Amino acid sequence: MRAVQGYFGDGGTVGAVQPNLGLDELFGARETYVQFTPDLLDKLTVTVNGKQIGGAYFLQEYKLAGGQTVGRYANGHIAAVEHTLESGKSLLIGTFPGGSYYRSHSSATREFFAGLLTWAGVQPQVQTSDPEVKARLHKGAGGTYLWIVNPTGRQRSVKISLPLAFSERPSCGRKGTEPPTVNGNQLSAVVGDRNAAVIRLD
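**What to know about the overall build of the protein**
Next, step 1: If you tally the helices and strands in the protein, you get 3 helices and 14 strands.
Next, step 2: By principal-axis analysis of the C-alpha atoms, the protein measures approximately 60 × 40 × 35 Å.
Next, step 3: Taking all 202 residues of the protein together, the buried fraction comes to 36%.
Next, step 4: In the protein, the share of contacts with a sequence separation of at least 24, taken over all contacts with a separation of at least 6, comes to 55%.
Next, step 5: About 11500 Å² of surface is accessible on the protein, with carbon and sulfur atoms providing 52% of the total.
Next, step 6: Looking at charge distribution, the protein has the averaged site of its 20 positive side-chain charges lying 7 Å from that of its 16 negative ones.

What follows is the structure, encoded as structure tokens:
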């Protein structure tokens, strides 16, 4: 999604055509203007697929080279291009929304990132009702485990949606973590502050 891949070629020289190294064909766009001024772009915004999100660190504007405009800066110039090539598709954005989210934690930018899964046709394996609580599903020879981590300074109650229906075995959470409950593909857990639960699922 970022626009800076391959910006520099051999010897540290900037490519005359951007995106560089043939990536202009992949992304269906060519750069027409660029700024690398992170100290001046802390309030940069861009509208992509109807959602206004933050940008950071750099600003690239484009002209189409086979792609379709899906985002613009406030000045109306092209900021994001979607392109289909053979069996795949790409989304090129001329700034760094992740850098903006790191600084501001904007709900609009978070929703934009979540929406990229739908855009890519990907079904999330795990969804959590609390964005501050992290959940990961791991499957291997030893079984299937759900990791829930609460990095915050207070206890959290969270509901986790799983890809399949499971029954729950005793968790291996740290002391102070209440046992979770499972109902089909919905798991409910209370995880203490700065604590975690590791739950085996069948």
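**Quick notes on the environment of Tyr-145**
Next, step 1: Mapped onto the fold, Tyr-145 is located in strand E10 (residues 143-150).
Next, step 2: Its relative accessible area of 24% is what places Tyr-145 among the partly exposed residues.
Next, step 3: Tyr-145 sits 55 residues away from Arg-200 along the chain, and the two C-alpha atoms are 4.5 Å apart.
Next, step 4: Tyr-145 has contacts with Arg-136, Leu-137, His-138, Val-198, Ile-199 and Arg-200, leaving out every residue within four places of it along the chain.

**Side note on the sheet that holds strand E14 (residues 195-201)**
Next, step 1: Here we have 3 strands laid out as an open sheet, ordered E9-E10-E14, and antiparallel in their pairing. Across the chains shown, the open sheet's two edge strands, defined by having one partner strand only, are strand E9 (134-140) and E14. When the angles between neighbouring strand axes are averaged without regard to direction, this sheet yields 15°.

**Focus on unusual backbone geometry**
Generally, phi is negative for residues other than glycine and the peptide bonds are trans, each holding for most cases.
Next, step 1: A cis amide bond links Gln-18 to the next residue, Pro-19, at an omega of 0°.
Next, step 2: Even without a glycine there, the phi angle at Tyr-57 is positive, about 70°.
Next, step 3: Mapping Tyr-57 onto the fold places it in the loop between strand E3 (51-54) and strand E4 (59-64).

**Description of the sheet that holds strand E11 (residues 156-161)**
Next, step 1: Read across the open sheet, the 4 strands follow the order E8-E11-E13-E12; overall the sheet is antiparallel. The open sheet is flanked by strand E8 (127-128) and strand E12 (181-183), the only strands paired with a single partner.
Next, step 2: As defined by bridge partners, E8 adjoins E11 across 2 bridges and the pair is classed as antiparallel. Bridge pairing in E11 places Gln-127 opposite Ser-161.

**What to know about the pattern of salt bridges**
Next, step 1: Going through the model one piece at a time under the given rule, you end up with 3 salt bridges.
Next, step 2: The salt bridge partner of Asp-130 is Arg-156, with a shortest N-O separation of 2.9 Å. On the criterion of sequence distance, the pair formed by Asp-130 in the loop between E8 and E9 and Arg-156 in strand E11 is long-range, its members being 26 residues apart. As far as the burial class goes, Asp-130 and Arg-156 line up, both buried.

**Comments concerning the layout of surface pockets**
Next, step 1: By volume, the largest pocket amounts to about 700 Å³.
Next, step 2: Together, 16 residues line the largest pocket, and Arg-110, Thr-128, Pro-131, Lys-134 and Arg-136 are the ones closest to its centre.
Next, step 3: Counting only elements with at least two residues in the lining of the largest pocket, the list comes to helix H3 (107-119), E8 and E9.
Next, step 4: The leading source of residues in the lining of the largest pocket is H3, at 4 residues.
Next, step 5: Looking at side-chain class alone, the lining of the largest pocket contains 9 nonpolar, 3 polar and 4 charged residues.

Calculation criteria
Residues numbered from 1 in each chain as written. Predicted model: local features only at pLDDT ≥ 70, side-chain atom pairs only at ≥ 80, totals over all residues. Heavy atoms only, no water. Helix = DSSP H or I, 4+ residues; strand = E, 2+ residues; numbered from the N terminus. Buried < 20%, exposed > 50% of the residue type's maximum accessible area, 1.4 Å probe, protein only. Contact = heavy atoms within 4.5 Å. Areas by Shrake-Rupley, 256 points an atom, 1.4 Å probe, with all protein chains shown as cover. Lys, Arg positive; Asp, Glu negative; His and termini not counted. Charge placed at Lys NZ, Arg CZ, Asp CG, Glu CD. Pairing = 2+ DSSP bridges. Axes fitted to C-alpha atoms, helices over the stretch in contact; angles between N-to-C directions. Salt bridge = Lys/Arg side-chain N within 4 Å of Asp/Glu carboxyl O. 1 Å grid on protein atoms, 1.4 Å probe; cavity = no way out; pocket = protein on both sides within 12 Å on 5 of 7 lines; lining within 4 Å. Points joined across faces, edges and corners; volume = space filled by probe spheres on them. Nonpolar A, V, L, I, M, F, W, Y, C, P; charged D, E, K, R; others polar.

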